[in-house]
Amino acid sequence: MQQVDFSSGSVRRSILAVAAPMMTAQILNLLYNIVDRIYIGKIPGEGTIALAGLGLCFPVITLVTAFANLFGVGGAPLCSIVRGRRDREGAERIMANACFMLLLTGVLLTVLGIALHKPVLYLLGASDATYPYAASYLVIYLLGTVCVMTSLGLNPYINCQGFARMGMLTVLVGAVANIVLDPIFIFALGMGVSGAAVATVLSQLLSALWVLRFLTGPKAELRLHFRAFRPDFGCIRRIAALGTSSFVMSFTDSMVQMVCNATLRTFGGDIYISVMTVINSVRQIAQTPVMAISDGASPAISFNYGAHAYGRVRAAIRFMTQLGFGYTLLIWALVSAFPAAFIMIFNHDAELVATAVPALHIYFFGFVMMAFQFSGQCVFKSLNRAGLAIFFSLLRKAFIVVPLTLLLPHVGGLGVNGVFLAEPISNCVGGLACYLTMRRTVMPALRSRGQAGAQGIS
């Protein structure tokens, strides 16, 4: 299995060597839920209302992802930095403590989620019509929480070692299984929404087993083992401190989805929850490549920062930003030009398509600003600047999107359009604030350290 060397050669090639398979892996991972939505949205006679029910589960599913990111995305940059210092034992200790917390958190989320699912779903905007669909999916999905936590949370530790293709294969195993199993359980066995959840859980189980097989096997540079393991709470605190930014990003996504669904149900009814489900799906597809670009740059940034190769860190940041900007500009143009084509991936209902097209135009306005948000956020996480990473995670969603989602529908008769308008405003304000702060704080510090190192100054 080929391993990427972050210490030599072209920085751009190193980033692309990681980003390309990671992009494939993230797209495949996205297929877990996207394929569910595509099949569920096309169930004869009930696809639109079933899609709304599935959309109500998104905040809970996103919350599970948030905890996976807390210990997965949080620990991987630390692991890279320590690995860059040639401290293999320290890197393995970080990985083992992260795995322990992923398993513990997965069990707790399963128990609490199943026990509280009914009041939570009604809090998220469920109606008597949509609740049965939402509950039948969510309860089964929660039974597989430990598998989700293991596969999502440990895969960054494969990528941070430079084994990006293995990380891609980890996701490929589960995604292919889900694509195959979904129509069998949903249509052939007549299980509907419940069948989609069963297929997803079984697929995540396969991905989790694949991750554990690699990280405990001989091909991994850093191996996962629990011989004489005792939780190191100092290490866990460091992982959680850095992972808090990613946790906050996912948690605030969950909060935004909850507020959006509740507000849309008040101002537009269940049809607009279906519309938001489709728009969120399009957004996830559209932002996956730019996320992969920043995730591909992260181990290169962290490793070279740990190795004091500051010029290579700056080069990685510049290339990541340029590539992300070019991509988001292109996808914004495509979504603006062909909105109905993106919507009909999930549902062909004429009323839903007609309602969703203007909403999609509003929601995606200024999508290019997402490149700046991801770039700045990635740098703060990769260089262990947890405070700034957390602040800008909160700024865009908690301090901008949520208040605007609650306020704008009451302004000038905007109604549901106010909900969709909150996202582009937050992209512009939050994205630019994050990126400009990074440019004014991180880049000058890297330049001065690089000059000091070149002159032999410690």
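Residues numbered from 1 in each chain as written. Predicted model: local features only at pLDDT ≥ 70, side-chain atom pairs only at ≥ 80, totals over all residues. Heavy atoms only, no water.

**Some points on the overall build of the protein chain**
Scanning the protein chain from N- to C-terminus turns up 16 helices and zero strands. In terms of overall dimensions, the protein chain is globule-like: its C-alpha atoms have a radius of gyration of 22 Å, near the 23 Å expected for 458 residues. Overall size of the protein chain, expressed as C-alpha extent along the three principal axes, is 70 × 50 × 35 Å. The 458 residues of the protein chain split such that 59% are buried. Roughly 17,600 Å² of accessible area belongs to the protein chain as shown, and the carbon and sulfur atoms make up 67% of that amount. (Helix = DSSP H or I, 4+ residues; strand = E, 2+ residues; numbered from the N terminus. Rg over C-alpha atoms; globule rule 2.2 N^0.38 Å. Buried < 20%, exposed > 50% of the residue type's maximum accessible area, 1.4 Å probe, protein only. Areas by Shrake-Rupley, 256 points an atom, 1.4 Å probe, with all protein chains shown as cover.)

**Focus: the nonpolar core**
Formed by 71 residues in total, the largest nonpolar core has its most connected members in I301, I317 and F420. Among the elements that make up this core, the one with the highest residue count is helix 10 (residues 270–306) (14 residues). Apart from the residues within four sequence positions on either side, I301 is in contact with V313, A316, I317, M320, C378, S382 and L383. Ranked by size, the runner-up nonpolar core spans 65 residues in total, among them F58, A76, V82 and M166. (Core = buried A, V, L, I, M, F, W, Y, C linked by side-chain atoms within 4.5 Å. Contact = heavy atoms within 4.5 Å.)

**Let's talk about a positive patch on the surface**
A contiguous patch of positive charge, built from R12, R318, R439 and R447, is present on the exposed surface. Mapped onto the fold, R12 is located in helix 1 (residues 11–40). For R12, a relative accessible area of 45% gives the class partly exposed. (Patch = residues over 30% accessible without salt bridge, like charges linked within 9 Å, V, L, I, M, F, W, Y side chains within 5 Å. Salt bridge = Lys/Arg side-chain N within 4 Å of Asp/Glu carboxyl O. Lys, Arg positive; Asp, Glu negative; His and termini not counted. Charge placed at Lys NZ, Arg CZ, Asp CG, Glu CD.)

**Topic: helix 13 (residues 350–363)**
Look at helix 13: 20 Å from first C-alpha to last across 14 residues, which is about the 20 Å you get at 1.5 Å a residue. The sharpest bend along helix 13 comes to roughly 30°, located at A356, with the proline P358 sitting one to four residues further on. Among the residues making up helix 13, those that are buried are L352, V353, T355, A356, A359, L360 and Y363. Sitting at the amino-terminal end of helix 13 is D349, which places a side-chain oxygen 3.2 Å from the backbone nitrogen of E351. (Expected span 1.5 Å × (residues − 1). Bend = angle between axes of the 7 residues up to and from the residue. Polar contact = N/O pair within 3.5 Å; in protein donor to acceptor, adjacent residues only side chain to side chain.)

**Let's talk about the environment of D36**
Its location among the elements puts D36 in helix 1. On a C-alpha basis, the gap between D36 and A196 in space is 5.8 Å, while along the polypeptide they are 160 residues apart. Within the local environment of D36, its side chain forms a polar contact with the side chain of T200, the two groups lying 2.7 Å apart.

**Notes on the side chain of T321**
Topologically, T321 is positioned in helix 11 (residues 310–337). Polar side-chain contacts of T321 include one of 2.6 Å to the side chain of S375.

**As for the packing of aromatic side chains**
The final tally for this structure, using the stated rule, is 16 aromatic pairs. Here Y305 and Y310 contribute two aromatic rings whose centre-to-centre distance is 5.9 Å and whose plane-to-plane angle is 70°, an arrangement assigned as edge-to-face. Accessibility expressed as a relative area gives 12% for Y310, which makes it buried. Ring centres 5.9 Å apart and planes at 5° place the aromatic pair F380 and F392 in the stacked group. Of this pair, F380 sits in helix 14 (residues 370–382) while F392 sits in helix 15 (residues 386–407); the two residues are twelve residues apart in sequence, bridging distant segments of the chain. For the pair F380 and F392, one class covers both residues: buried. Pairwise contacts between aromatic rings join F67, F247 and F251 into one cluster. (Phe/Tyr/Trp six-rings, centres within 6.5 Å; stacked < 30°, edge-to-face > 60°.)

**Side note on the packing of helix 4 (residues 88–123) against helix 6 (residues 145–159)**
When two helices pack together, their arrangement is captured by the angle between the axes and the distance separating the axes. Between helix 4 and helix 6, the least distance of the axes is 8 Å, while the angle of their chain directions is 155°. By the angle class used here, helix 4 and helix 6 are roughly antiparallel. The two elements helix 4 and helix 6 meet at a crossing, and its hand is right-handed. Between helix 4 and helix 6, the residues in contact are I94, M95, A98, C99, L102, L103, T105, G106, V107, L109 and T110 and T145, V146, M149, T150, G153, L154 and Y157, respectively. Of the residues assigned to the contact of helix 4 with helix 6, the class counts are twelve nonpolar, six polar and no charged. (Axes fitted to C-alpha atoms, helices over the stretch in contact; angles between N-to-C directions. Parallel < 35°, antiparallel > 145°, perpendicular 65-115°, else oblique. Left-handed = near helix turned anticlockwise from the far one by under 90°. Nonpolar A, V, L, I, M, F, W, Y, C, P; charged D, E, K, R; others polar.)

**Remarks on the environment of S375**
Structurally, S375 is set in helix 14. On the basis of relative accessible area, S375 is assigned to the buried category, the value being 2%. Separated by 187 residues in sequence, S375 and A188 have C-alpha atoms that sit 44 Å apart. With residues up to four places along the chain from it excluded, the contact list for S375 reads M320, T321, Y435 and M438.

**A closer look at the pattern of salt bridges**
On inspection of all chains with the given rule, the structure shows seven salt bridges. Note that K397 is salt-bridged to D253, the shortest N-O span being 3.2 Å. Of this pair, K397 sits in helix 15 while D253 sits in helix 9 (residues 233–267); the two residues are 144 residues apart in sequence, bridging distant segments of the chain. Considered together, K397 and D253 belong to a single accessibility category, that of buried residues. Two residues, D270 and R265, come together in a salt bridge whose shortest N-O distance is 3.8 Å. The exposure class assigned to R265 is partly exposed, which follows from its relative accessible area of 36%. Because the salt bridges share partners, they merge into one network encompassing D253, R396, K397 and E423.

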